[in-house]
Amino acid sequence: MGRIYNFSAGPATLPEAVLKEAAEEMLDYRGTGMSVMEMSHRSKAYEEIHNEAIADLRELMNIPDNYKVLFLQGGASMQFAMIPMNLMKNRVADYIITGQWAKKAYKEAQLYGKANAIASSEDKMFTYIPDCSDLPISPDADYVYICQNNTVFGTAYHSLPDTKGKLLVADVSSCFLSEPIDVTKYGIVYGGVQKNIGPAGTVIVIIREDLITDDVLPGTPTMLRYKTHADANSLYNTPPTYGIYICGKVFKWLKQRGGLAAMRDYNEKKASILYDYLDQSQMFTGTVEKKDRSLMNVPFVTGNADLDAKFIKEAKEKGLENLKGYRTVGGMRASIYNAMPMEGVIALVEFMRDFERRNG
């Protein structure tokens, strides 16, 4: 069987060129006689992989010198605890609830202090981003937290909330490196890489240096302190070496394609093909308010559960995989991350058009 078009929300499709290069190096990485999987994280060969990946990411995102790049483990979900443990000095933080993962982060923060839900879109099943122009920011809040792109519900912030001078923390897992961002507008930007950058198991945290201190909540484990990892260049213990190696290759692939501005243009073109079809379809309907649509995750429905199931089954037979919506939402969802080629989106729309003609 040949390669399918994989619309999974994560772990998700990776650039074919990266996979082929990794395959060629699987048994012998550049004359070392071993795979990166087998390599000591203290070796010179791995040290070069590690430091080059950090340098390339810094270049891609134009990360200022006063920010550290950390390669961590534990999934993005580990950051739900790590952030309050390290930042909640006043034991107060404000959360904007725009989906499942923001809600989980908010609930986790309640274990460590007073977490305030200052805005939410749950009243309409998270189908929009609330107005964040004049939020009731808590005067003693240590930070304001957002999930910048909502994988499950397909919404995205197209402008950042006004935090009224408070630190902004953002989970960017499902839009990481899909477009340029101004890192200086955040205290922490973090994300699991398995959606848009690499294999599951690696988390990237970009954190401003003044936030990396020994002043953490009592009882914070050594491994959950940002300073532990920052002081050791993310080599305090064995990092997810192979995941970092693949991330590094994806960073180079992005640079070869023209960087994040070029990637944003490509992603906008891809998304518009699918959204334009949804807007004129008589059968399929997008579920998100137009102004808040994600470029990465596109949920849609027919309005008939049986028809949805038939669509998913027939799409799979055509090599269009993992289109089933999240288990709590239903319907369909196409995740069209950086590595999803234009041809995949075109193939999906052509199938949708044919399915509508046959079942309309």
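In what follows, the structure referred to is the one given above.
Residues numbered from 1 in each chain as written. Predicted model: local features only at pLDDT ≥ 70, side-chain atom pairs only at ≥ 80, totals over all residues. Heavy atoms only, no water.

Colleague: For the nonpolar core, give the residues involved together with the corresponding values.
Modeller: Grouped together as the largest cluster of nonpolar side chains are 84 residues, with contacts concentrated most on Leu177, Ile204, Ile206, Phe251, Phe284 and Phe311. Broken down by element, the residue count for this core peaks at 9 residues, all from helix 6 (residues 241–256). Not counting residues within four places of it along the chain, the set of residues in contact with Ile206 comprises Met61, Ile63, Tyr67, Lys68, Val69, Phe176, Val183, Gly187, Ile188 and Val189. If you look at the next biggest cluster of nonpolar residues, it comprises 37 residues, including Ile83, Ala115, Ile207 and Ala230. (Core = buried A, V, L, I, M, F, W, Y, C linked by side-chain atoms within 4.5 Å. Buried < 20%, exposed > 50% of the residue type's maximum accessible area, 1.4 Å probe, protein only. Helix = DSSP H or I, 4+ residues; strand = E, 2+ residues; numbered from the N terminus. Contact = heavy atoms within 4.5 Å.)

Colleague: Pulling in residues and values, what's your account of the pattern of salt bridges?
Modeller: This model, assessed by the stated rule, comprises 24 salt bridges. Across the pair Lys255 and Asp56 runs a salt bridge whose closest N-O atoms are separated by 2.8 Å. Taken together, the residues Lys255 in helix 6 and Asp56 in helix 2 (residues 44–61) connect sequence positions 199 residues apart. Residues joined in a network through salt bridges with shared partners are Glu52, Asp56, Glu59, Lys252 and Lys255. (Salt bridge = Lys/Arg side-chain N within 4 Å of Asp/Glu carboxyl O.)

Colleague: Outline unusual backbone geometry, listing residues and values.
Modeller: Cis geometry is adopted by the peptide bond preceding Pro11, which originates at Gly10 and carries an omega value of -5 degrees. Structurally, the position occupied by Pro11 is in the loop between strand 1 (5–6) and helix 1 (16–24). The phi dihedral of Leu177 falls on the positive side, at around 65 degrees, and the residue is not glycine. For Leu177, a relative accessible area of 3% puts it in the buried group.

Colleague: How would you sum up the sheet that holds strand 3 (residues 92–97)? Please name residues and give values.
Modeller: Note: strands within a sheet are paired through backbone hydrogen bonds, in either parallel or antiparallel orientation. Spatially, the 7 strands line up as an open sheet ordered 2-10-9-8-5-3-4, and their pairing is mixed. For this open sheet the edge positions go to strand 2 (67–72) and strand 4 (114–120), each flanked by a neighbour on one side alone. When strand polarity is set aside, the average angle formed by the axes of neighbouring strands in this sheet is 20 degrees. Inspection of the sheet shows strand 9 (residues 188–192) paired to strand 10 (residues 203–208) by 5 bridges, in the antiparallel sense. By the bridge assignment for strand 10, Val189 is matched with Ile206. Set on the sheet, helix 3 (residues 75–87) makes contact with strand 2, strand 3, strand 5 (144–147), strand 8 (168–171), strand 9 and strand 10; between it and strand 9 the angle comes to about 155 degrees. (Pairing = 2+ DSSP bridges. Axes fitted to C-alpha atoms, helices over the stretch in contact; angles between N-to-C directions.)

Colleague: Just give me the short version of helix 8 (residues 305–317), but keep the residues and values in it.
Modeller: For helix 8, built from 13 residues, the straight-helix expectation of 18 Å at 1.5 Å per residue is met to within 8% by its first-to-last C-alpha distance of 19 Å. For helix 8, the full list of buried residues reads Leu307, Asp308, Phe311, Ile312, Glu314 and Ala315. Where helix 8 is buried, its residues meet strand 12 (297–301), strand 13 (320–321), strand 14 (332–335) and helix 9 (342–359). Where helix 8 terminates, the next one or two residues include Gly319, which has phi positive at roughly 80 degrees. (Expected span 1.5 Å × (residues − 1).)

Colleague: Break down empty space enclosed by the protein for me, with residues and values.
Modeller: Under the criterion given, the structure shown has 1 cavity of 30 Å³ or more. Here the largest cavity is characterised by a volume of approximately 30 Å³. Tyr275, Gly286, Thr287, Val288, Arg293 and Pro299 together form the lining of the largest cavity. By residue class, the composition of the lining of the largest cavity is 3 nonpolar, 2 polar and 1 charged. (1 Å grid on protein atoms, 1.4 Å probe; cavity = no way out; pocket = protein on both sides within 12 Å on 5 of 7 lines; lining within 4 Å. Points joined across faces, edges and corners; volume = space filled by probe spheres on them. Nonpolar A, V, L, I, M, F, W, Y, C, P; charged D, E, K, R; others polar.)

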